[in-house]
Each structure stands twice: as structure tokens, then as C-alpha cells.
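Now for the letters of each chain:
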Amino acid sequence: MRRPSMIRRDRAVLATSLALLLAASVPLAVAPVAAQSPAASAEPAPTVAPSPSPTPTPTASPTPRPTPTPMPTPSPTPPPLTSLGADREAFNDDFSVPGIWGTVDDDVTSILYQDDSLVVTHKQDATSRTSTRRPAQASPGMRLEVDVAIGADVSSGGPMCGTTAGPTDYAFGAVTTGDQWYLGRLRDNVVSVITSGMLEGTDVTIDTPVRVAIECAMTDTGERLAMWVDGQLVADLNSEEAHGPYDHVGVYADATTAGSVVRFDDATAFDAGPVPGLTTLGAGREYFSDDFATDQGWFITDDETTRIAVEDGALGITLKEGGGRWTGLRLAEASNVMRLDIDALLSADGGSAGPMCITAGETPDIA
């Protein structure tokens, strides 16, 4: 909030000293006139001496008082930066429901849901792993806040925001138990550090959660990144490199030695609204076209609750009971970006229908 400027107005008052002019009055001396005698000759009248003119007293010139120097108006202190514009909550996740974030358990790392948290355990030295989640929509601004608890001195972790439209491209912020923060980028699984520094006023201790936030924002000239630790702004950078729109958030964890654990909890994502005029996230190559003349491998069924069938040049889903059902088509190859356009016709009020993208696995991830 801009504080109103205050202007001090000082009035200079000049005091004028008045001097009185004193005029001295000098009396005239007049000699008496003697009586005239016929026998005496008349004497000349005495000459009157001129009165001296009074010397004028000089008038003192008024001395002006010095004009006070105006004090400079202090500039208002800008409020602390708390957001780059991603202020609309996209989701809030306490990690109590598995299957939303990516998990793995191999010889290098395990990423698993444990005790209402997402836990990354490094089984080998010098490893880094990520887990991601897709928000409901892509946005020109994306922010992720998450509690990070680091289980060893040689580990670090924090949130990510980025895009998978083309090569995977994430920006991430991480903290260490050495009270250090760093801002980096993960592009095509290659990690690079953009900048780093020491925390002020925040101690990162083992197994104690600290709140870390990162925000990515598209700008007219490139990208802006900001990072906060426990609400304190530690980084605010502009880049001329173009990134976004942002369609994924995630968490990043690395370790120097095996056995290190990083725990994430209470993740909240915010976006800056939909992308104006967005037509694609990068899925520009046509993979197939289907007029439903045949089923072409779509899953069909006819049971007590639902009938899914390809007939009359259309794929129809008939719900015999309340609820929802879906069908899918397995493709010959996977892609990190996928798009499906389809005409949807509803035959009754209160229903809804539309296309999906699916990542197959033990627990399907459907958007």
C-alpha cells in the first residue's frame, strides 16, 4: 500500500525593525535692538549663526531569518513479495490418498506413501529423484508449497513447477540441513543450479519440517522464478528464456550418501488461471483418427450397471444405474504429452461426458 506523501511547509517570517529618526531642534539667539539716538551712528545688526543640521541616525536593515531546508519525503516501503500472481488454489493434498503422485521402488530409490506423507528414500550414493502431479489445467503461473523434512545432513529437497509439453522442464527450490537454499532447473533429467545462498532466521534441522515454496511465471520477456522458505523470500529472478505454460508440479530430493530420507507433507498448489488463447500444450502430431465405424480396440462391456458399445458410427455409454463409467483405447506407444478431441452428445439432463488422457499402471492416472 502506498503511503501518502507528507509535505512540510515552513513559512519564513521576516521581522522588520523600525528606527525612529530624531530631529534635534536648536533655538535661535536674537540680540536686543538698542534705542536710536540722533547723535549716534547706527551699528550694524548682528549676524545670526546658522543652526547646525541634525545628523540622521542610520536605519538598521532587517536581518532575514534563514529558510529551513525541507526534509526529504521518505519513499514508501514496498510490501514483502508473497506471490508472482499464482493466487488461485489448484489443489490441497495431505498425502492421505495414494495414487495421485508418482511412486517407485527400485534398486536406486523408493518413493512411497507412508504415514500420510510422501517419502523418498535413497538407496545409493549420489542420487536424485522426483515425483510429480498434474493440476487440473495448465497456467501461465504455477506455485507449489510443501513441508519438507530432511532426514540426514547430506540430503536436500523441495518443490518443483514446470511443463512436460516437449522435453520435461522443471524449476525447483531446495533446502539443506546446512541452512542453505538453492534454486535449480531439471531439464531432460539433467540438474543444474541457477543460484544459491544461506538462510537467515531459519534453521533447517534433521526431521523437522520447513515450509518451502516455489513459483514459476511466464513474462513478456521470458520467465520469472521466486522461492520462499518459511514465508521469507530468498530468491526472485528474471530470465529471458521462455518457459511454460506450466502443467505439472512436483517434489525434488537428492542425497550424497545412501540411506538418506526426505519426507514431504501438506502440499498446496496455486495457479494464475487458464492460459489466454491456449490451443495446445505441444501435442501437434496426429496419432490416430476414429469415426467409430468399428470398435478399433476400445473397451466395451454390457453388465448390470453399464453398457458400452460401438454402434451406428458412435461410441455409446448407457448408464443403467447412477454413477460414472469410462472406456479407453491402448495406444502402441506412450508420449509425455497427449491430446484427444471428440464430439460428445448428452441424451439427458444432469449428465456429463468428455475425453480423457490415461497413464496406465498398477493405479491408472486419469485426466
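Structure: above.
As the structure is a prediction and not an experimental result, all values here were calculated from the model.

Trainee: Honestly, the overall build of the chain in this entry has me stumped. Any pointers?
Mentor: Scanning the chain from terminus to terminus reveals zero helices and 20 strands. Burial status across the chain gives 30% buried among its 367 residues. Sequence-distant contacts in the chain: of pairs separated by 6 or more residues, those separated by 24 or more amount to 61%. With the model as given, the accessible surface of the chain reaches about 23800 Å², and the carbon-plus-sulfur share is 52%.

Trainee: Could you clarify how one ought to interpret the nonpolar core in this entry?
Mentor: Nonpolar side chains tend toward joint burial in soluble globular proteins. Counting residues in each nonpolar core, the largest one holds 36 residues, and the members touching the most others are Trp-101, Leu-118, Val-148, Val-175, Trp-181, Met-227 and Phe-264. Of all the elements, strand β6 (residues 141-150) adds the most residues to this core, at five residues. Residues in contact with Val-175, not counting those within four places in the same chain, are Ile-150, Ser-155, Ser-156, Gly-157, Gln-180, Trp-181, Leu-199, Val-204, Val-210, Val-212, Met-227 and Val-229. Listed in part, the seven residues of the second largest apolar core include Phe-172, Ala-174, Tyr-182 and Tyr-252.

Trainee: Could you clarify how one ought to interpret the pattern of salt bridges in this entry?
Mentor: Two side chains carrying opposite charge are able to pair once their charged atoms lie near each other. If you walk through the whole model with that rule in mind, you get 19 salt bridges. Measuring nitrogen to oxygen at the nearest pair gives 2.8 Å for the salt bridge that ties Arg-185 to Asp-169. Here Arg-185, found in strand β9 (residues 180-187), pairs with Asp-169, found in strand β8 (residues 169-176); they are 16 residues apart in sequence, far enough to count as distant. In this structure Asp-169 comes out as buried when scored by relative accessible area, which is 10%. Between Arg-187 and Glu-241 there is a salt bridge whose closest N-O contact spans 3.3 Å. Pair noted here: Arg-187 is in strand β9 and Glu-241 is in the loop between β13 (232-239) and β14 (248-255), with a separation of 54 residues, a long-range link. Sharing partners across several salt bridges, the network here consists of Arg-143, Glu-145, Asp-147, Arg-211 and Glu-215.

Trainee: How should I be thinking about unusual backbone geometry in this particular structure?
Mentor: A negative phi angle is the norm for most residues apart from glycine, just as the trans form is the norm for most peptide bonds. Here the amide bond leading from Gly-244 into Pro-245 is cis, since omega sits at 0 degrees, within 30 degrees of zero. Secondary-structure assignment places Pro-245 in the loop between β13 and β14. For Asp-179, which is not glycine, the phi dihedral falls at a positive 60 degrees. Residue placement: Asp-179 occurs in the loop between β8 and β9. Although it is not a glycine, Asn-189 adopts a positive phi angle of roughly 65 degrees. Along the chain, the position of Asn-189 falls in the loop between β9 and β10 (190-198).

Trainee: I'm lost on the sheet that holds β8 in this one. Help?
Mentor: Strands pair in a sheet through their backbones, by hydrogen bonds, and they do so in one of two ways: parallel or antiparallel. What the six strands build is an open sheet, ordered β5-β14-β7-β8-β9-β10; its pairing is antiparallel. Here the strands that pair on one side only, and so sit at the sheet edges, are β5 (127-133) and β10. On average, each strand axis in the sheet is inclined to that of its neighbour by 20 degrees, with strand direction left out of account.

Trainee: Explain the environment of Gly-184 to me, please; I cannot follow it from the model alone.
Mentor: Locating Gly-184 in the fold gives a position in strand β9. Apart from the residues lying within four places of it in its own chain, the contact partners of Gly-184 are Tyr-170, Ala-171, Phe-172, Ser-192, Val-193 and Ile-194.

Trainee: Is there a simple way to explain the state of the cysteines in this structure?
Mentor: As used here, a disulfide is simply a covalent bond connecting the sulfur atoms of two cysteines. Applying the stated criterion across every chain, the model contains one disulfide. One disulfide in the model links Cys-161 with Cys-216; its S-S distance is 1.9 Å. Between Cys-161 and Cys-216, the S-S dihedral sits near 75 degrees, and the bridge is therefore right-handed. In this pair, Cys-161 sits in strand β7 (residues 155-163) while Cys-216 sits in strand β11 (residues 210-218), placing the two residues 55 residues apart along the sequence. Assessed through its relative accessible area of 0%, Cys-216 is described here as buried.

Trainee: When you look at the packing of aromatic side chains in this model, what are you seeing that I'm missing?
Mentor: Any aromatic ring pair is given by two values, namely how distant the centres are and how the planes are angled relative to each other. Tallied over the entire structure, the rule returns six aromatic pairs. Pairing Phe-172 with Tyr-182 gives two aromatic rings, centres 6.1 Å apart and planes at 85 degrees, and the pair type is edge-to-face. Separated by 10 residues along the polypeptide, Phe-172 in strand β8 and Tyr-182 in strand β9 bring together distant segments of the chain. For the pair Phe-172 and Tyr-182, one class covers both residues: buried. For the pair Phe-172 and Tyr-252, a centre-to-centre distance of 4.2 Å together with 25 degrees between the ring planes defines the contact as stacked. On the criterion of sequence distance, the pair formed by Phe-172 in strand β8 and Tyr-252 in strand β14 is long-range, its members being 80 residues apart.

The rules behind the values
Residues numbered from 1 in each chain as written. Predicted model: local features only at pLDDT ≥ 70, side-chain atom pairs only at ≥ 80, totals over all residues. Heavy atoms only, no water. Helix = DSSP H or I, 4+ residues; strand = E, 2+ residues; numbered from the N terminus. Buried < 20%, exposed > 50% of the residue type's maximum accessible area, 1.4 Å probe, protein only. Contact = heavy atoms within 4.5 Å. Areas by Shrake-Rupley, 256 points an atom, 1.4 Å probe, with all protein chains shown as cover. Core = buried A, V, L, I, M, F, W, Y, C linked by side-chain atoms within 4.5 Å. Salt bridge = Lys/Arg side-chain N within 4 Å of Asp/Glu carboxyl O. Pairing = 2+ DSSP bridges. Axes fitted to C-alpha atoms, helices over the stretch in contact; angles between N-to-C directions. Disulfide = S-S within 2.5 Å. Phe/Tyr/Trp six-rings, centres within 6.5 Å; stacked < 30°, edge-to-face > 60°.

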